[in-house]
Amino acid sequence: MTFLARIQITLKPSVLDPQGGAVTKALGALGFDEVSDVRVGRYLEMRLSAQDEAAAERRVTQMCDALLANLIIERYEFSLAEEAS
Amino acid sequence: MRFAVTVFPGSNCDEDAAQAVARVLDAPVDLVWHQTATLDGYDAVIIPGGFSYGDYLRAGAIARFSPVMTAVAAHAAAGKPVLGICNGFQVLTEAGLLPGTLLPNDSLQFRCEFVSARVETTDTVFTCGYTKGQVIRLPIAHGQGAYYADDETLADLRRHDQIVFRYDGENPNGSADHIAGIVNRGRNVLGMMPHPERAVHELLGSSDGAPLFTSLLRSWERRVAHDA
């Protein structure tokens, strides 16, 4: 089976995000006064083949833990969608 | 004493590090390509600055999976000195050889300038040639140098005298507790954001980095004499 994984990696709330702060300010300067607390993260998509959804979930979790996220400062969540092969 | 300087795609301070070893210590030094799986025969390893793998994903995140990093981990486990400078520091944290990580500078600017750093401990093979509390001038050149660790880890670093350098005066990147460099519990793996290899002669604006290299040599000579 082939799955499309959509992975979102975000900074933990305890970690300061100067980039998000700069984006918040820039949006304010453009008149979007209603915006506060922008946090910039990372989004990845990948295709992977696996026996079933549980196996795909295990593999993506391993990938996130080993490489895609730095668990000292980041956390991740992902979704899996089965693709027609 | 024989030195290895690891070279990743995107390393750019490897020659500077090798030159510092050769000129300050007159010691043999080799540039070692990251695909090399062994560091046998080397007494010290330097992981230089630069942008390994273009800093893709996170600085140091991909370099840590290079074959040479397995050799670096073995070298560190054997108690031999490992020095990570700038990107080398980032690689060492990503590899789990040092605690914490490096975040983008709080100013969001790439900072390239001389800074003052205080030597907080001389109880390492890297800093035994300085005096405790000595303020030295070293250049920095980084966009992602804000040392970060959770409070528990920071307390642990303080308790075990693992904070080796702190910025003196202005903190150029917003690092936790003004940290500029830390050592592991075994005291043989040092990571630091400032560049000692770029400050080994007055012609370079400072020679305050030179004692770091002479400290390594003296420590090694003492160890060899002791083992003999």
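In case you missed it, the structure is sitting above this.
In this report, the structure presented in the accompanying data block is examined. Quantities reported herein were computed from a predicted structural model and do not represent experimental measurements.

**Notes on the overall build of chain A**
When its secondary structure is counted, chain A shows two helices and three strands. Along the chain direction, N to C, the helices and strands of chain A fall in the order β-α-β-α-β. Burial status across chain A gives 13% buried among its 85 residues. Once local pairs closer than 6 in sequence are excluded, the contacts in chain A between residues at least 24 apart make up 69%.

**Things to note about the sheet that holds strand S1 (residues 3-7) of chain B**
All names here are of chain B. Taking strand neighbours across the sheet as the criterion, the nine strands line up as S2-S1-S3-S4-S11-S10-S9-S6-S7 in an open arrangement whose pairing is mixed. Since the sheet does not close on itself, it has two edges, and those belong to strand S2 (29-33) and strand S7 (135-142), each with one partner. This sheet shows a mean twist of 25° between the axes of neighbouring strands, independent of strand direction. Bridge count for strand S4 (residues 82-85) against strand S11 (residues 189-192) is four bridges, and the pairing is parallel.

**Description of the environment of Leu 57 of chain B**
Relative to the elements of secondary structure, Leu 57 of chain B occurs in the loop between strand S3 (44-47) and helix H2 (67-77). Separated by 159 residues in the primary sequence, Leu 57 of chain B and Leu 216 of chain B have C-alpha atoms spaced 33 Å apart.

**Section: the sheet that holds strand S2 (residues 42-49) of chain A**
All names here are of chain A. Across the sheet, which stays open at both edges, the three strands sit in the order S2-S1-S3 with antiparallel pairing between neighbours. Each edge of the sheet is formed by a strand with only one pairing partner; in this case those strands are S2 and strand S3 (74-83). Between one strand axis and the next, the sheet turns through 20° on average, direction left out of account. With eight bridges connecting them, strand S1 (residues 2-11) and S2 associate as antiparallel partners. In the strand pairing of S2, Phe 3 is matched with Leu 48. With respect to the sheet, helix H2 (residues 53-68) is in contact with S1, S2 and S3, its orientation differing from that of S1 by roughly 35°.

Reading the values: rules and limits
Residues numbered from 1 in each chain as written. Chains lettered and ligands numbered in written order. Predicted model: local features only at pLDDT ≥ 70, side-chain atom pairs only at ≥ 80, totals over all residues. Helix = DSSP H or I, 4+ residues; strand = E, 2+ residues; numbered from the N terminus. Buried ≥ 20, exposed ≤ 12 C-beta atoms within 10 Å, placed from the backbone. Contact = placed C-beta atoms within 7 Å. Pairing = 2+ DSSP bridges. Axes fitted to C-alpha atoms, helices over the stretch in contact; angles between N-to-C directions.

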